[in-house]
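Structural overview
Residue strings, one per chain:
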Amino acid sequence: MDVVFQTESAVFNFRVAGIWIVDHHVLLHRNVDDVNWALPGGRVVIGEDTQTSIAREFAEELGAQVTAERLLWTNENFFTYKGKEFHELAFYYKISSEETARFFKTESFNGLEGDRWIYQWMPIDEINKIVLFPEFLKEGIKEMPEYTQHIVDRAKSSI
């Protein structure tokens, strides 16, 4: 069971995401119905640690075997999405894989879950040209921290 709790007006979400960088590109994804991009990942399952979650999510979504190298950010994110208030707790890991050559592509592609998600290796120097949430990632990906940072984002951005 995923760690997500919903009420009539709000959602609490416990999420993990991976920062996979290859040749100055970062892997992003978005729902086909959205314009905003995010880092691939997903919800943590009850009883599962976050490093296991990130490996499971990449295996489920892409068939990729990844390793969580280190935790870069914990993020408490408060935002509105499709009219619902979200309180999201997210763990962002720098990841790597021995299968990079199999997954690195210049064109967008779909994962194992069909055409619901679009994946794209985005040049890091072009990341400011897109809509990426949470917004701290635009600068964070360019200059990743030496130590884990805790970020609270109460910007109440609407997606």
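Residues numbered from 1 in each chain as written. Predicted model: local features only at pLDDT ≥ 70, side-chain atom pairs only at ≥ 80, totals over all residues. Heavy atoms only, no water.

Further remarks concern the UniProt feature "domain: Nudix hydrolase" (unreviewed entry) in the protein chain. Mapped onto this numbering, the UniProt entry gives "domain: Nudix hydrolase" (unreviewed entry) at residues 11–146. Summarising residues 11–146: 17% helix, 46% strand, and an end-to-end C-alpha distance of 32 Å. (UniProt positions renumbered as here; feature names shortened; annotations may be inferred. Helix = DSSP H or I, 4+ residues; strand = E, 2+ residues; numbered from the N terminus.)

Here we come to the environment of Glu-107. Along the chain, Glu-107 falls in the loop between helix 2 (100–103) and strand 7 (109–111). For Glu-107, a relative accessible area of 47% corresponds to the partly exposed category. Spatially, the C-alpha atom of Glu-107 lies 6.8 Å from that of Gln-120, the residues being 13 residues apart in sequence. (Buried < 20%, exposed > 50% of the residue type's maximum accessible area, 1.4 Å probe, protein only.)

Glancing now at the pairing of strand 8 (residues 114–123). The side chains of a regular strand alternate between the sheet's two faces. By the bridge criterion, seven bridges tie strand 3 (residues 25–31) to strand 8 in an arrangement that is antiparallel. Paired with Leu-28 across the bridge in strand 8 is Gln-120. Across three bridges, strand 7 lies against strand 8 in antiparallel orientation. Its bridge partner lying in strand 8, Asn-110 is registered against Ile-118. In sequence, strand 7 turns back onto strand 8 through a hairpin of two residues. (Pairing = 2+ DSSP bridges.)

Moving on: the pattern of salt bridges. Scanning the model with the defined rule gives six salt bridges in all. For Arg-56, the salt bridge identified is with Glu-57, shortest N-O distance 3.0 Å. An identical accessibility class is assigned to Arg-56 and Glu-57; each is buried. Between Glu-139 and Lys-142 there is a salt bridge, and its shortest N-O distance comes to 3.6 Å. In this pair, Glu-139 and Lys-142 are both assigned in helix 3 (residues 137–142), three residues apart and thus about one turn of the helix distant. Exposure remark for Glu-139: the relative accessible area of 47% places this residue in the partly exposed category. One network of salt bridges, with partners in common, ties together Glu-48, Arg-56, Glu-57 and Glu-60. (Salt bridge = Lys/Arg side-chain N within 4 Å of Asp/Glu carboxyl O.)

On to the pairing of strand 3, then. Summarising burial for strand 3: six of the seven residues are buried, a large majority. Hairpin connection from strand 2 (residues 10–22) to strand 3: two residues lie between these consecutive antiparallel strands, with Asp-23 at a positive phi of about 50 degrees.

This part is about the side chain of Asn-75. Turning to its location among the elements, Asn-75 is positioned in strand 5 (residues 67–81). The class for Asn-75 is buried, based on a relative accessible area of 0%. Reaching out from Asn-75, the side chain makes a polar contact with the backbone oxygen of Ile-151 at a distance of 3.0 Å. Each residue touching Asn-75, except ones within four places of it in the same chain, is listed here: Glu-88, Leu-89, Ala-90, Tyr-92, Pro-134, Phe-136, Ile-151 and Asp-153. (Polar contact = N/O pair within 3.5 Å; in protein donor to acceptor, adjacent residues only side chain to side chain. Contact = heavy atoms within 4.5 Å.)

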